[in-house]
Amino acid sequence: MSITIHLPSVLARLADGNRVLEASGDTLGAAVLDVATRFPSLGERLRDQRGNPYPFVNYFLNDEDARFHGGFEASVRDGDEVTVVPSIAGG
Amino acid sequence: MNTLVPRPLVCRNCGAAQDAAPVAICEHCLGPLDAAYDQARTLPSREVIASRPATLWRYREWLPFDGEPRLSLDTGFTPLVEAPTLADRLGVARVWIKNDAVSHPSLSFKDRVVATAINAAVAFKLDTFACASTGNLANAVAAQGARACLPTWVFIPHDLEAGKIVGTSVYGAHLVRVRGTYDDVNRLCAQVADRFAWGVANVNLRSYYGEGSKTVAFEIVEQLGWRLPTAVVAPMAGGSLVTKLRKGFAEFIAAGLVSGSVPRLFGAQAAGCAPIARLVERGGDAFTPEIPNTIARSIAIGNPADGVFAARAIRDTGGWAAAVSDPELVAGIRLLAETTGIFTETAGGVTVAAAVRLAESGHLGPDTELVLCITGNGLKTVEVLADALPQSPVIAPKLREVAALVEAVAAQELTAHSALSG
């Protein structure tokens with residue numbers, strides 16, 4: 001199972017400069033945990049100490065806000081793409 | 001002329017400091033960055049402010065730069081208009097309209113935030129100016145970018161009103177219509193800002209952009225004769241305006257320019273996209289994102305970046321929020337027009353309709369001195385009124401036809417009066 005995770009540049013520097021990572025897992029949370037384990041510094045930015053997403057970090061699963069699909073509980077399948085976007089803009 | 005230098009930044013979430021840069025995200029916690037001011041700077045007196053040109057730059061000590069601004073020197077200081085007939089309708093002591101429907105140069109409140117953002121873009125030597133927009137920001141970026149000779153890229157939802165599209169394209173902007181909601185556009189522009197070395201007004205320049213909103217509060221205080229209203233109603237999209245109103249009022253109180261408390265802040269949203277209003281009503285620290293379904297497209301943001309901060313500002317000041325239906329907002333547009341002569345767009349209709357709701361529910365009362373923030377111009381969204389207004393008669397150029405119409409109108413008014421008094 002391979003999930004592609006796209007990182008913004010502010011986070012890519014915590015993943016050895018990689019803007020794109022491959023991850024495995026059955027849920028979004030499991031895929032995030034996978035990369036968090038491989039890149040501990042990145043992991044601290046992707047999820048809090050209880051393993052939940054931060055309010056300032058949005059996850060998009062195949063271009064849709066993951067919160068509409070259960071957040072970290074959302075099921076993911078081989079080939080899915082996850083985009084991590086800091087919550088910054090508006091209006 | 002001395003060079004304009006943007007102020008350094010500080011994270012609103014973790015407090016980490018950062019050098020001035022076209023970056024809006026804290027590299028430590030990904031929280032939002034705010035401009036950091038020199039607390040020892042010399043602040044002007046009322047008299048000094050009043051002696052300056054009537055633009056938002058008369059408050060430049062509270063804007064995120066050192067030195068003299070170079071661009072958009074005509075923006076701000078829109079009229080504050082008293083509205084006694086509307087005050088009677090609402091059952092409050094006094095009402096004033098802060099009329100950004102006539103803002104320079106593009107007829108919306110967004111001229112203010114773009115005035116600060118474009119000065120930041122030029123100071124950072126960025127060669128392209130851009131935004132994600134629900135329409136008014138698109139107009140402001142295109143207009144101010146054009147006169148600054150900066151190429152502009154503007155990203156909007158594909159189905160915006162014709163006035164918003166024409167009012168962007170006319171300035172020569174690269175206008176891109178994205179299939180999806182504003183929140184899809186917003187996410188795309190976060191990626192655009194990350195990929196290209198552009199100044200995206202409400203993304204990587206957001207720390208400088210947002211500060212322009214405070215000038216609404218500064219102008220209200222000065223135009224009221226250096227005093228505070230007791231309540232303010234403002235529309236909420238991303239939630240930034242409400243938070244910056246609070247900050248602006250607090251800064252003038254702290255500077256000793258006005259005495260009293262920050263007014264109670266009330267937020268207005270359309271029921272078809274009201275994540276902040278629902279957070280205020282429900283309580284808690286996290287909103288639930290929504291997929292917008294309203295004709296109030298200029299404020300249809302289902303994932304508001306400043307939503308949590310806006311809800312906090314409302315609660316802390318003793319305010320409240322209201323979410324109104326599309327028919328109510330259309331009625332709000334008409335009520336404002338018929339009582340004040342001001343024609344606002346859908347967001348303004350939401351604001352007026354929310355004030356009606358808040359008055360009916362007792363949140364606004366007979367002692368309330370209220371300011372309504374009208375943030376956009378009705379000529380940009382005429383479509384929403386197409387079915388709401390009466391058909392105009394078409395007649396031959398004959399006096400007897402006018403006489404017949406006058407007689408018919410008089411009869412209608414007599415009937416209506418009889419019904420009311422009966």
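Conventions used here
Going along each chain's sequence as written, the residues are numbered from 1 onward. Here every chain gets a letter starting at A, and every ligand a number starting at 1, in the order they are written. In view of the model being predicted, local features appear only for residues whose pLDDT reaches at least 70, and side-chain atom pairs are presented and counted only at 80 or more, with totals across whole chains, interfaces and linings using the full set of residues. By the criteria applied, helices consist of DSSP H or I runs no shorter than four residues and strands consist of E runs no shorter than two, each listed in order from the N terminus. Taken over C-alpha atoms, the radius of gyration is set against a globule rule of 2.2 Å times the number of residues to the power 0.38. With C-beta atoms placed from the backbone, the exposure class of a residue follows from how many other C-beta atoms lie within 10 Å of its own: 20 or more, buried; 12 or fewer, exposed; in between, partly exposed. Distance between backbone-placed C-beta atoms decides contact: two residues are in contact if it is within 7 Å. Each residue receives one of three labels: charged for Asp, Glu, Lys and Arg, nonpolar for Ala, Val, Leu, Ile, Met, Phe, Trp, Tyr, Cys and Pro, and polar for the others, Gly being one of them. Note: domain ranges come from an automatic or database domain assignment. Strands qualify as paired when DSSP identifies two bridges or more between them. Note on geometry: axes are lines fitted to C-alpha atoms, helical ones only across the stretch in contact, with angles between N-to-C directions running from 0 to 180 degrees. Roughly parallel means an angle under 35 degrees; roughly antiparallel means over 145; roughly perpendicular covers 65 to 115; every other angle is labelled oblique. Crossings are sorted by hand: turned counterclockwise from the far helix by less than a right angle, the near helix makes the crossing left-handed, and turned clockwise it makes it right-handed. Expected helix span is given by 1.5 Å per residue-to-residue step, counting one fewer step than there are residues. pLDDT is defined as a per-residue confidence score from the predictor, taking values between 0 and 100.

Participant: For this particular structure, what's the right way to read the overall build of chain B?
Facilitator: Along the backbone of chain B there are 14 helices and 15 strands. A compact globule built from 422 residues should have a C-alpha radius of gyration of about 22 Å, and chain B, at 22 Å, falls within 12% of that. The principal-axis extent of the C-alpha atoms belonging to chain B is close to 70 × 45 × 45 Å. Of all 422 residues assigned to chain B, the portion counted as buried reaches 56%.

Participant: Would you mind showing me how to read the interface of chain B and chain A here?
Facilitator: When the parts come together, some accessible area is lost, and that loss is often what is quoted as the size of the interface. Each partner contributes to the interface: chain B provides 32 residues, whereas chain A provides 18 residues. Considering each element in turn, the side of chain B that touches chain A owes the most residues, seven residues, to helix α6 (residues 182-195) of chain B. A breakdown of the residues in the side of chain B that touches chain A according to their chemical character gives 16 nonpolar, 10 polar and six charged.

Participant: Where do I start with the domain arrangement of chain B in this structure?
Facilitator: Entries for chain B in the domain assignment read domain 1 (5-73 + 108-209), domain 2 (80-106 + 212-385) and domain 3 (396-422). Centre-to-centre separation of domain 1 of chain B and domain 3 of chain B, based on C-alpha positions: 52 Å.

Participant: Just checking my understanding: could you explain the sheet that holds strand β14 (residues 321-324) of chain B for this structure?
Facilitator: What links the strands of a sheet is backbone hydrogen bonding, and the strands pair in either a parallel or an antiparallel sense. Residue and element names in this part refer to chain B. Strand order in the open sheet formed by six strands is β6-β7-β15-β12-β13-β14, and the pairing between neighbours is mixed. The open sheet has two free edges, formed respectively by β6 (80-82) and β14, since each of these has just one partner strand. Going from strand to strand, the sheet's axes swing by 25 degrees on average, the running direction of each strand aside. Pairing analysis gives five bridges linking strand β12 (residues 231-235) to strand β13 (residues 264-270), with the strands arranged parallel. If you follow alanine 234 over to β13, its bridge partner there is glycine 267. Against the sheet, helix α8 (residues 214-223) touches β6, β7 (94-99) and β15 (369-374), its axis set at about 50 degrees to β6. Lying over the sheet, helix α11 (residues 307-316) contacts β13 and β14, oriented at roughly 135 degrees with respect to β13.

Participant: What exactly am I supposed to notice about the packing of helix α12 (residues 326-340) of chain B against helix α13 (residues 346-360) of chain B here?
Facilitator: Helices that pack against each other are described as a pair by the angle of their axes relative to one another and the distance between those axes. Residues and elements named next belong to chain B. Two elements in contact, α12 and α13, have axes whose closest approach is 7 Å; the angle formed by their N-to-C orientations is 90 degrees. When the interaxial angle is binned, α12 and α13 end up roughly perpendicular. Of α13, the residues touching α12 (which contributes Glu328, Leu329, Val330, Ala331, Gly332, Ile333, Leu335 and Leu336) are Thr346, Gly348, Gly349, Val350, Val352, Ala353 and Val356. Broken down by class, the residue content of the contact of α12 with α13 amounts to 10 nonpolar, four polar and one charged.

Participant: Looking at this structure, I do not really get helix α5 (residues 162-169) of chain B. What am I missing?
Facilitator: Residues spaced three or four apart along an α-helix point in a common direction, a consequence of the helix completing one turn every 3.6 residues. Among the residues of α5(B), those classed as buried are Lys164(B), Ile165(B), Gly167(B) and Thr168(B). Those residues of α5(B) that are buried lie in contact with α4 (136-147), β9 (152-157) and β10 (174-178) of chain B.

Participant: Would you take a moment to explain the packing of α8(B) against helix α9 (residues 240-254) of chain B for this structure?
Facilitator: Residues and elements named next belong to chain B. Orientation of α8 relative to α9, taken along the N-to-C sense of each, is 45 degrees, at an axis distance of 7 Å. One element, α8, and the other, α9, form an angle in the oblique class. Here α8 and α9 pass one another in a crossing that is right-handed. Note on element contacts: α9 touches α8 through Lys244, Leu245, Lys247, Gly248, Phe249, Glu251 and Phe252, opposite Lys214, Val216, Ala217, Phe218 and Val221. Of the residues belonging to the contact of α8 with α9, the class tally is seven nonpolar, one polar and four charged.

Participant: What is the right way to look at the pairing of strand β8 (residues 129-132) of chain B in this model?
Facilitator: Residues and elements named next belong to chain B. Judged by which residues are buried, β8 turns out to be covered on both faces: Phe129 and Cys131 on one side and Ala130 and Ala132 on the other are all buried. The pairing of β8 with β9 spans four bridges and is classified as parallel. Directly across from phenylalanine 129, in β9, lies its bridge partner threonine 152. Here β8 pairs with strand β11 (residues 199-200) via two bridges, running parallel. When the sheet's bridge partners are listed, phenylalanine 129 is paired in β11 with glycine 199.

Participant: Honestly, α13(B) in this entry has me stumped. Any pointers?
Facilitator: Residue and element names in this part refer to chain B. Here α13 contains 15 residues, and its C-alpha end-to-end distance of 21 Å stays within 8% of the 21 Å for a straight helix at 1.5 Å per residue. Summarising burial for α13: 14 of the 15 residues are buried, a large majority. Looking at the residues trailing α13, positive phi occurs at glycine 362, about 90 degrees.

Participant: I would appreciate a short explanation of the environment of Gly43(A) in the present structure.
Facilitator: Residue and element names in this part refer to chain A. The residue glycine 43 is located in helix α3 (residues 40-46) in this model. A sequence separation of 11 residues divides glycine 43 from valine 32, and the C-alpha atoms of the two residues are 7.7 Å apart. Filtering out sequence-adjacent residues up to four positions away, glycine 43 remains in contact with Ala36 and Thr37.

Participant: How do you make sense of the environment of Pro151(B) when you look at a structure like this?
Facilitator: If you trace the backbone, Pro151(B) turns up in the loop between α4 and β9. Sequence separation of Pro151(B) and Ala411(B) is 260 residues, and the distance between their C-alpha atoms is 58 Å.

Participant: Looking at this structure, how should I read the sheet that holds strand β2 (residues 20-23) of chain A?
Facilitator: Spatial strand order, β2-β1-β5-β3-β4 (chain A): five strands in an open sheet with mixed pairing. Pairing within the sheet leaves two strands with one partner each, and these edge strands are β2 and β4 (64-65) of chain A. Pairing of strand β3 (residues 57-61) of chain A with β4(A) involves two bridges; the strand directions are antiparallel. Looking across to β4(A), one finds that Phe60(A) is bridged to Asp65(A). Where helix α2 (residues 28-38) of chain A meets the sheet, its contacts fall on β1 (3-6), β2, β3 and β5 (81-86) of chain A, and the angle it forms with β2(A) comes to roughly 115 degrees. Helix-sheet contacts for α6(B) involve β3, β4 and β5 of chain A, and the interaxial angle to β5(A) is about 80 degrees.

Participant: Help me understand the environment of Val232(B), please; the structure alone is not making it clear to me.
Facilitator: All names here are of chain B. Structurally, valine 232 can be placed in strand β12. For valine 232, a count of 29 C-beta atoms within 10 Å translates into the label buried. Along the backbone, valine 232 and valine 221 are 11 residues apart, and their C-alpha atoms lie at a distance of 12 Å.

Participant: Honestly, the confidence of the model for chain B in this entry has me stumped. Any pointers?
Facilitator: Note that predicted coordinates carrying low pLDDT should not be read in detail. Residue-level pLDDT values for chain B average 96, and 100% of them are 70 or greater. Here the complex is predicted with pTM 0.94, and the ipTM for its interfaces comes to 0.88.

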